[in-house]
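# A structural walkthrough
Listed below, chain by chain, are the residues.
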Amino acid sequence: MISVGFVLHPGFSPMGLSVLSAFEVANLHAREKLYDVTLLSPNGGVVHGSMGLQVNSQTVSGRYFDLVIIGGGMDEGGPDVIDFVRHLPDISRRVAATCVGAFLLAEAGLLDGRRATTHWARARELQQRFPKIRVEEDRIFIRDGPVWTSAGMTAGIDLVLAFIEDDFGADLARAVARKLVVYHRRAGGQSQFSTLLELEPTSDRIQKVLTYARRNLANRLSVEELAGVANLSPRQFSRAFQAETGQSPAKAVENMRLEVARGMMEDTHHTIDMVARETGFADRDRMRRAFIRAFGQPPQTIRRSSALQSAG
């Protein structure tokens, strides 16, 4: 059984607690207690979060944890919290922070010389305040040795899925993701920014087309096919799509393909030919050219970088 400590501090966000659901579902799916979760705070007792939430917590009391996670919140925590965080490596094999919890790790000096991420809206502030950290502002999560950080609070679920995969394998992590109705898995190197979110169409008709395209990337997805989904002529569809998204249908489809293909490449279980086929690039050469245009690197280089990050 793996012991997990979840650190609460005044002003913690209720959404930050959602990451614990992944551990709960892992236990339920396995029909045994794989994870034993303890809510922690420097002094124990009731901790007041935002939105009037109050949660009871425990002190460390000489315990050693396999993993300690610092939850994000509206406030960064006072000196007692920072001192508590500073000593986490003494009581835990792995230390993690979700969202702006990374600022507590930084204040405690635990991110010095390491790569880290946080919510995109505060990533530059993290870099400016703590220049010894290499902040990568558009990553979902980052593992640098025993220290892990994630982007926004919902990205904490991606982080916990990665822990579950590390501890018990991909099959369990995939099962937990299915039950939580989230993707397994947005790789740590994947951007916080989604192609579908960036396009932001104004009509349900174009949104329907984007959803169709995302679910059928292996198709040719010609203008004629997409126009049929929108119940428009190809010319009407192309004009409407460009007006609402600022992109041509072909460019939007390629960006979706690149996003999914990169995620698959960072999961080393997939062959390059299979990734190209399933994302609609048809062949590896076409996918390679698209990767170099978009990322400045071929798929194999991105795969190697992801493997090295995971090993770190």
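Below you will find a few notes about this structure. (Residues numbered from 1 in each chain as written. Predicted model: local features only at pLDDT ≥ 70, side-chain atom pairs only at ≥ 80, totals over all residues. Heavy atoms only, no water.)

## Focus: the overall build of the protein chain
Defined as follows: Going along the chain from the N terminus, every DSSP run of H or I of four or more residues is numbered as a helix, and every run of E of two or more is numbered as a strand. C-alpha atoms define the radius of gyration in this analysis, and the globule rule sets the expected value at 2.2 Å times the number of residues to the power 0.38. Each residue gets one of three labels from its accessible area relative to the maximum for its type: buried under 20%, exposed over 50%, partly exposed in between, using a 1.4 Å probe on protein chains only. Here, residues are in contact when the closest pair of their heavy atoms is within 4.5 Å. For the accessible areas, the method is Shrake-Rupley and the probe is 1.4 Å, while residue cover comes only from the protein chains on display. In summary, the charge assignment counts Lys and Arg as positive and Asp and Glu as negative, without counting His or the chain termini. Where a charge lies is defined by one atom per residue type, namely NZ (Lys), CZ (Arg), CG (Asp) and CD (Glu).
Within the protein chain, the regular secondary structure consists of 15 helices and ten strands. Its C-alpha radius of gyration of 21 Å places the protein chain within 12% of the 20 Å reference for a compact globule of 312 residues. Taken along its principal axes, the extent of the C-alpha atoms in the protein chain is 65 × 45 × 40 Å. For the protein chain, with 312 residues in total, the buried portion stands at 51%. A separation of at least 24 residues holds for 62% of the contacts in the protein chain among residues at least 6 apart in sequence. With the model as given, the accessible surface of the protein chain reaches about 14800 Å², and the carbon-plus-sulfur share is 50%. Of the side-chain charges in the protein chain, 38 are positive and 35 negative, and the distance between the mean point of each set is 6 Å.

## Focus: unusual backbone geometry
For arginine 31, which is not glycine, the phi dihedral falls at a positive 60 degrees. In this fold, arginine 31 is placed in the loop between helix H1 (20-30) and strand S2 (35-40). The backbone of cysteine 99 shows a phi angle near 55 degrees, a positive value even though the residue is not glycine. Note that cysteine 99 resides in the loop between strand S6 (92-97) and helix H4 (101-107). By relative accessible area, cysteine 99 is classed as buried at 7%.

## A closer look at the packing of aromatic side chains
The following threshold applies: Aromatic rings from Phe, Tyr and Trp, with only the six-membered ring used for Trp, were paired whenever their centres fell within 6.5 Å, and each pair was classed as stacked if the ring planes differed by under 30 degrees, edge-to-face if by over 60, and tilted otherwise. Criterion for a charge above a ring: Arg CZ or Lys NZ at most 6 Å from the ring centre, at most 35 degrees from the ring normal.
Under the defined criterion, the tally for this structure stands at seven aromatic pairs. Measuring from centroid to centroid gives 6.5 Å for phenylalanine 103 and phenylalanine 130, while their planes differ by 70 degrees, and the two rings are edge-to-face. With phenylalanine 103 in helix H4 and phenylalanine 130 in the loop between helix H5 (123-129) and strand S8 (134-135), this pair connects stretches of sequence that are 27 residues apart. The pair phenylalanine 103 / phenylalanine 130 is uniform in exposure class, with both members buried. Members of the aromatic cluster, each reached through a chain of ring pairs, are Phe23, Tyr35 and Phe168. For arginine 122, the ring lying beneath its charged end belongs to phenylalanine 103, and the centroid distance is 4.3 Å. Cation over ring: arginine 262 sits above phenylalanine 295, and NZ or CZ is 4.8 Å from the ring centre.

## Notes on the sheet that holds S2
Our working rule: Being paired, for any two strands, means DSSP has found at least two bridges between them. Helix axes are fitted only over the stretch in contact, all axes being lines through C-alpha atoms; the angle between N-to-C directions runs from 0 to 180 degrees.
Pairing is mixed in the open sheet, where six strands are placed in the order S2-S1-S5-S6-S10-S9. Whereas interior strands pair on both sides, the edge strands pair on one side only; in this sheet they are S2 and strand S9 (141-144). Strand-to-strand, the axes of this sheet are offset by a mean angle of 20 degrees, without reference to chain direction. Across four bridges, the pairing between S9 and strand S10 (residues 147-150) is antiparallel. Paired with arginine 143 across the bridge in S10 is tryptophan 148. Those strands touched by H1 are strand S1 (2-7), S2 and strand S5 (65-70), and its axis lies near 155 degrees from that of S2. Contacting S1, S2, S5, S6, S9 and S10, helix H6 (residues 155-168) runs over the sheet at an angle of about 145 degrees to S10.

## Focus on the pattern of salt bridges
Side chains bearing opposite charge may pair, as long as their charged atoms lie close to each other. The test is simple: What counts as a salt bridge is simple: a side-chain nitrogen of Lys or Arg found within 4 Å of a carboxyl oxygen of Asp or Glu.
For the coordinates displayed, the defined rule picks out 17 salt bridges. Across the salt bridge formed by arginine 94 and aspartate 66, the nearest N and O atoms sit 2.3 Å from each other. Taken together, the residues span a long stretch of sequence, with arginine 94 in strand S6 and aspartate 66 in strand S5 at a distance of 28 residues. Classification of arginine 94 as buried rests on a relative accessible area of 5%. Residue aspartate 66 is classed as buried on the basis of its relative accessible area, which comes to 17%. Linking glutamate 254 and lysine 251 is a salt bridge whose minimum nitrogen-to-oxygen distance equals 3.9 Å.

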